[in-house]
Amino acid sequence: MNGKVVVCALAFCAACSSSTETSGHTKAGSTRPADAAPPTLIFGTGNTQERADASCVAEVRRAEALPLDIYVLFDQSGSMSTPSGAGSRLDAVRAAASDFLNADDSAGIGVGLGYFGNFPIGQTSCNSADYATPAVDIGLLPGQTGALLTSLDGVKPTGETPTGPAIRGACSYVADWDKAHPGRSAALLLLTDGVPEAPISRAQGCDPTLADAVAAATECVTTTGASIYVLGVGPSLDNLNQIAAAGGSGAAYLVDGGDVAAQVLDALDAIRGTALPCGFVIPGAPTGQTLDYAQVNVVQTNDDGTRHPLYNVADATACDAASGGWFYEPANAPERITLCDTSCRAVKAESRNGAIEFALGCQTVTTTR
């Protein structure tokens, strides 16, 4: 997907008022009567206007994706000391991180940093709370670059790889951050060089597994809507694709051999371009009107040009696993529009021209029939 976010005008025949006036703000999540027929969607162009056939044409408003924050969950396990070129894997990743953080294209995004694999071998913690506090809070680039690089410079390869607990802890931080910053949208990047395991700590009751890491990624996406991207550095890491798939990002970015620093930088650049938020700024009201939250519609346009409406639901808990949808956050005082996980994944799966489109001035399509 190329990240295009555009807006189309829609006519909702026999389902919209022909008036160009709205009644002011309407409570988010309001629905049509249960016996109302679903509106027919006609795709057209133009501004809001009265029509004799009682349909309406929505006024065009350009959609705006929320600014992106990336929280990096960094693996500092002992294997990061493995030789790579003139230094270690850790050295290669540091070099790539420096170039990425200082790049002009990274300016304006938020980046934070947390670690796992930071307990001594044999003392690995499987308590997610031990990974919920960031080493560097999310902050805007380039202002946060110095703190991030200083933290990375002080890291030493240390322990084992408790990936599942680390994802749960990082997800807790991201969830709290997201709630406190409704005008932004956060994603999580897992950067690791190994499979989830802690063989020396198993006797102490900490036994991380790939299955647990996949479950943690699924839980995170389900509860927060934040996508999880995975960057693997090292051999035989194809199984990390399972974590990426569960985290809603498709497949892991894998680096093995060659110029590791250059490949890691390429992967980071690719992630920056594809980690598109599934949260959007609520569009401005139609000209001369007050925004009516019950007359906002979200439409998905696929690569082949087909369009279909996404149903409005009350909140994240009402998202349907099959049909997806969208909702206002917070529901009682909307500050943004968020796609359900199923719809978010579907939009990101569109590789070229897929887009989310908004239209104002016609009755919101809901799951109520």
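Given the structure is predicted, the values throughout are model-derived calculations rather than measurements. In every chain, residue numbers begin from 1 and rise along the written sequence. Note on the predicted model: pLDDT of at least 70 is required for a residue's local features to be given, and 80 or more for side-chain atom pairs to be given and counted; whole-chain, interface and lining totals, by contrast, use all residues. Side-chain measures were taken over the full set of non-hydrogen atoms in the model, leaving aside hydrogen atoms and water.

The next subject is helix α4 (residues 210-224). Structural remark: α-helix, 3.6 residues per turn; residues separated by three or four positions point the same way. Elements are defined by DSSP. Helices are runs of H or I of four residues or more, strands are runs of E of two residues or more, and each kind is numbered from the N terminus. One less than the number of residues in a helix, times 1.5 Å, gives the span that helix is expected to have. In this model, α4 (15 residues) spans 21 Å end to end at C-alpha, consistent with the 21 Å of a helix rising 1.5 Å per residue. Three exposure classes are used, based on accessible area relative to the maximum for each residue type with a 1.4 Å probe and protein chains only: buried under 20%, partly exposed in between, and exposed over 50%. Within the span of α4, buried status applies to Leu210, Ala213, Val214, Ala216, Ala217, Cys220 and Val221. The buried side chains of α4 occupy one side of the element, clustering within an arc of 160 degrees when seen end-on. Turned more than 90 degrees off the buried face of α4, the exposed positions are Ala211, Thr222 and Thr223. It is the directions from the helix axis to the C-beta atoms that the arc portrays.

A word on the packing of helix α1 (residues 89-102) against helix α6 (residues 260-274). In a packed pair of helices, the relevant descriptors are the angle between the two axes and the axis-to-axis distance. Helix axes are fitted only over the stretch in contact, all axes being lines through C-alpha atoms; the angle between N-to-C directions runs from 0 to 180 degrees. Running from amino to carboxyl end, α1 crosses α6 at an angle of 45 degrees, the nearest separation of the two axes being 8 Å. In terms of orientation, α1 lies oblique with respect to α6. In the packing of α1 onto α6, the handedness of the crossing is right-handed. Facing Ala92, Val93, Ala95, Ala96, Ala97, Asp99 and Phe100 of α1, the residues of α6 in contact are Val260, Ala261, Val264, Leu265, Leu268, Asp269 and Arg272. When residues are sorted by character, Ala, Val, Leu, Ile, Met, Phe, Trp, Tyr, Cys and Pro go into the nonpolar class, Asp, Glu, Lys and Arg into the charged class, and all the rest, Gly among them, into the polar class. In terms of residue class, the contact of α1 with α6 is built from 11 nonpolar, no polar and three charged. Roughly parallel covers angles under 35 degrees, roughly antiparallel covers those over 145, roughly perpendicular covers 65 to 115, and oblique covers all other angles. Note: crossing handedness is left-handed where the near helix turns anticlockwise from the far helix by less than a right angle, and right-handed where it turns clockwise. Any two residues having at least one pair of non-hydrogen atoms within 4.5 Å are treated as being in contact.

Before going further, it helps to spend a moment on the nonpolar core. Membership of the largest hydrophobic core comes to 36 residues, with the highest contact counts inside it found for Phe74, Leu113, Leu189, Leu231 and Val264. Looking at this core, the elements with two or more residues in it are β4 (68-75), α1, β7 (110-116), α2 (145-153), β9 (185-192), β10 (228-233) and α6. Discounting chain neighbours no more than four positions away, the residues touching Leu189 are Ile70, Tyr71, Val72, Leu73, Tyr229, Val230, Leu231, Leu268 and Ile271. Nine residue types can take part in a nonpolar core, namely buried Ala, Val, Leu, Ile, Met, Phe, Trp, Tyr and Cys, and a core is a set of them joined through side-chain atoms within 4.5 Å. The next biggest cluster of nonpolar side chains, apart from the first, holds 31 residues, and it includes Phe116, Leu190, Leu237 and Leu240.

This part covers the sheet that holds strand β8 (residues 136-140). Taken together, six strands build an open sheet; the order of strands is β8-β7-β4-β9-β10-β11 and the sheet is mixed. Of all strands in the sheet, those bounded by a partner on one side alone are β8 and β11 (253-255). Across the sheet, the mean angle separating the axes of adjacent strands is 20 degrees when strand polarity is ignored. Between any two strands, pairing holds if DSSP finds at least two bridges. Note that β9 and β10 share five bridges and pair parallel. If you follow Thr192 over to β10, its bridge partner there is Gly232.

Right, let's get into the pairing of strand β15 (residues 326-329). Direction of pairing for β15 relative to strand β16 (residues 336-339): antiparallel, over a ladder of four bridges. Bridging from a neighbouring strand, Glu329 pairs with Arg336 of β16. Hairpin geometry of β15 and β16 is characterised by an intervening segment of six residues between the two adjacent antiparallel strands.

Sheet architecture is open: four strands sit in the order β3-β12-β16-β15, paired in antiparallel fashion. The outermost strands of the open sheet, each flanked by one partner alone, are β3 (64-65) and β15.

The interhelical angle for the contact between helix α3 (residues 163-180) and α4, taken along N-to-C directions, is 15 degrees, at an axis separation of 8 Å. Looking at the two axes, α3 sits roughly parallel to α4. Of the two elements, α3 crosses α4, and the hand of that crossing is right-handed. Facing α3, whose interface residues are Thr163, Gly164, Pro165, Ile167, Arg168, Cys171 and Ala175, α4 presents Asp212, Ala213, Ala215, Ala216, Ala217, Glu219, Cys220, Thr223 and Thr224.

Bringing the side chain of Arg89 into the picture now. Among the secondary structure elements, Arg89 is positioned in helix α1. Exposure remark for Arg89: the relative accessible area of 12% places this residue in the buried category. For Arg89, the contacting residues outside a window of four places in its chain are Ser79, Met80, Thr82, Ser84, Asp193, Val233, Gly234 and Pro235.

Structurally, the position occupied by Arg345 is in helix α7 (residues 341-349). Sequence spacing of Arg345 and Gly248 is 97 residues, and the spatial spacing of their C-alpha atoms is 5.9 Å. Residues in contact with Arg345, not counting those within four places in the same chain, are Val221, Ala245, Ala246 and Gly248.

The residue after Leu141, namely Pro142, is reached through a cis peptide bond having omega 5 degrees. Relative to the helices and strands, Pro142 resides in the loop between β8 and α2. With an omega of -20 degrees, the peptide bond between Glu329 and Pro330 qualifies as cis. Within the secondary structure layout, Pro330 lies in the loop between β15 and β16.

What follows is about the state of the cysteines. We call a pair of cysteine sulfur atoms a disulfide when they lie within 2.5 Å. Going through the model one piece at a time under the given rule, you end up with four disulfides. Residue Cys126 pairs covalently with Cys206 via a disulfide, S to S 2.0 Å. Measuring handedness by torsion sign, the sulfur bridge of Cys126 and Cys206 sits at about 75 degrees and is right-handed. Taken together, the residues span a long stretch of sequence, with Cys126 in the loop between β7 and β8 and Cys206 in the loop between β9 and α4 at a distance of 80 residues. On the accessibility criterion, Cys206 (3% relative accessible area) is buried.

Centres within 6.5 Å are what make two rings of Phe, Tyr or Trp a pair, Trp counting through its six-membered ring; a difference in plane orientation under 30 degrees is then read as stacked, over 60 as edge-to-face, and the rest as tilted. Tallied over the full model, the rule gives seven aromatic pairs. Plain terms: the ring middles of Phe280 and Phe358 are 5.5 Å apart, the flat faces sit at 80 degrees to each other, and that makes the pair edge-to-face. Highlighted residues: Phe280 in strand β12 (residues 279-281) and Phe358 in strand β17 (residues 355-360), separated in sequence by 78 residues. We classify Phe280 as buried; its relative accessible area is 4%. By relative accessible area, Phe358 is classed as buried at 1%.

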